[in-house]
Amino acid sequence: FFSTGTAKPVLDIVRESAAQRFRPLFRGTVPLMGHSFASATLGLVGQPRLQKYIQAELGAQTRLSGLTTNLIASAAVSPLYVALTNPLSRLEVIMQTTPIGGRRVAGGAA
């Protein structure tokens, strides 16, 4: 749809992909996996660890509630999440919307 402006049947897309050894169907999968890995790591490992650290440090010095320490931990993790995942998201979109025969896009350019 992006290059011609008209919708293509799925069978035509599969035929074109088969002619190119299915490369078009896998474009953007590596950045997508990196994005998923970064999201899962920060959400399942980073924030709980940081939350425990903040609770231990701030709990010893102040009387902040669990809700407040959770908000502080989220505020600390959010910039890290954005810094790690935003370039990967941009690279996914660039890879999925540029033609295969077009110029290559480096990770730093994304």
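### Observations regarding the overall build of the chain
- Each helix and strand in the chain was counted, giving 3 helices and 0 strands.
- In the chain, the succession of α and β elements from N to C terminus is α-α-α.
- When each of the 110 residues of the chain is scored for burial, the buried share is 14%.
- Once local pairs closer than 6 in sequence are excluded, the contacts in the chain between residues at least 24 apart make up 58%.
- Accessible surface computed for the chain: about 8200 Å², of which carbon and sulfur atoms make up 64%.

### Quick notes on the confidence of the model for the chain
- When pLDDT is averaged along the chain, the result is 75; 79% of the residues meet or exceed 70.
- The lowest-confidence element of the chain is helix 3 (residues 66–97), averaging 78 in pLDDT; the highest-confidence one is helix 2 (residues 29–61), averaging 80.

### Thoughts on the side chain of His35
- Positionally, His35 belongs in helix 2.
- Not counting chain neighbours up to four residues away, the residues in contact with His35 comprise Tyr81, Thr85, Leu88, Ser89 and Glu92.

### As for the side chain of Thr85
- The residue Thr85 is located in helix 3 in this model.
- In this structure the side chain of Thr85 is engaged in a polar contact, spanning 2.7 Å, whose partner is the backbone oxygen of Tyr81.
- If near-sequence neighbours (up to four positions away) are discounted, Thr85 is found in contact with His35, Ala38 and Ser39.

### Section: helix 2
- Relative to the 48 Å expected for 33 residues at 1.5 Å per residue, helix 2 spans 46 Å between its end C-alpha atoms, a close match to the ideal helical length.
- At Leu42, helix 2 shows its strongest bend, of approximately 35°.
- Turning to helix 2, its buried residues are Pro31, His35, Ala38, Leu42 and Ile54.

### Structural notes on a nonpolar patch on the surface
- Nonpolar side chains collect at one region of the surface, where Val10, Val14, Phe22 and Phe26 lie side by side and expose about 390 Å² of accessible area between them.
- Inspection of the secondary structure puts Phe26 in the loop between helix 1 (10–19) and helix 2.

The rules behind these values
Residues numbered from 1 in each chain as written. Predicted model: local features only at pLDDT ≥ 70, side-chain atom pairs only at ≥ 80, totals over all residues. Heavy atoms only, no water. Helix = DSSP H or I, 4+ residues; strand = E, 2+ residues; numbered from the N terminus. Buried < 20%, exposed > 50% of the residue type's maximum accessible area, 1.4 Å probe, protein only. Contact = heavy atoms within 4.5 Å. Areas by Shrake-Rupley, 256 points an atom, 1.4 Å probe, with all protein chains shown as cover. pLDDT = per-residue confidence, 0-100. Polar contact = N/O pair within 3.5 Å; in protein donor to acceptor, adjacent residues only side chain to side chain. Expected span 1.5 Å × (residues − 1). Bend = angle between axes of the 7 residues up to and from the residue. Patch = residues over 30% accessible without salt bridge, like charges linked within 9 Å, V, L, I, M, F, W, Y side chains within 5 Å. Salt bridge = Lys/Arg side-chain N within 4 Å of Asp/Glu carboxyl O.

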